Amino acid sequence: MLLEFLYAKIHRATVTDANLNYVGSITIDKNILDKANMSEGQKVDILNINNGERFQTYIIAGKAGNKDFCLNGAAARKAQVGDKIIICSYAQMTPDEAKTFKPTIVQLNDNNEIV
């Protein structure tokens, strides 16, 4: 049997932009994506610390080094610039695999720098 477990998390990212007139997704700095073991096109949950919103979208890789976290399309209605968000991805694994698996956690400061 396969169960779904946390695979990776980007914790306390600051939303830098919200672009309503774009096809839905979240744009994330490529360097931060790589550190979090996340990929372009991957489905993620977004948890907004400021307002409690929880929603799903997919990742678009942004320019490396920009520290951007831009919510696009309908997702732009779920957060404002400056909001703190958590981005989670998941993987299916057996209970035995889950016992030894350690998810990747990337903690960010207020400037979207890895701490």
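Structural data are supplied above this passage.
**Q** Which residues make up the pattern of salt bridges, and what values go with them?
**A** Here the structure, examined in full by the defined rule, presents 4 salt bridges. Ionic pairing is found between D34 and K30, a salt bridge with its closest N-O pair at 2.7 Å. Of the two residues, D34 and K30 are both situated in helix 1 (residues 30–35); the distance of 4 residues between them amounts to about one turn of the helix. The partly exposed category is assigned to D34, whose relative accessible area is 42%. K99 serves as the salt-bridge partner of D96, at 3.6 Å between the closest nitrogen and oxygen.

**Q** Describe the side chain of N112, and please don't skip the residues or the numbers.
**A** With respect to the helices and strands, the residue N112 is situated in the segment after strand 8 (104–107). By relative accessible area, which is 4% here, N112 ends up buried. Within the local environment of N112, its side chain forms a polar contact with the backbone nitrogen of T14, the two atoms lying 2.7 Å apart. In this structure the side chain of N112 is engaged in a polar contact, spanning 3.0 Å, whose partner is the backbone oxygen of K67.

Parameters at a glance
Residues numbered from 1 in each chain as written. Predicted model: local features only at pLDDT ≥ 70, side-chain atom pairs only at ≥ 80, totals over all residues. Heavy atoms only, no water. Salt bridge = Lys/Arg side-chain N within 4 Å of Asp/Glu carboxyl O. Helix = DSSP H or I, 4+ residues; strand = E, 2+ residues; numbered from the N terminus. Buried < 20%, exposed > 50% of the residue type's maximum accessible area, 1.4 Å probe, protein only. Polar contact = N/O pair within 3.5 Å; in protein donor to acceptor, adjacent residues only side chain to side chain.

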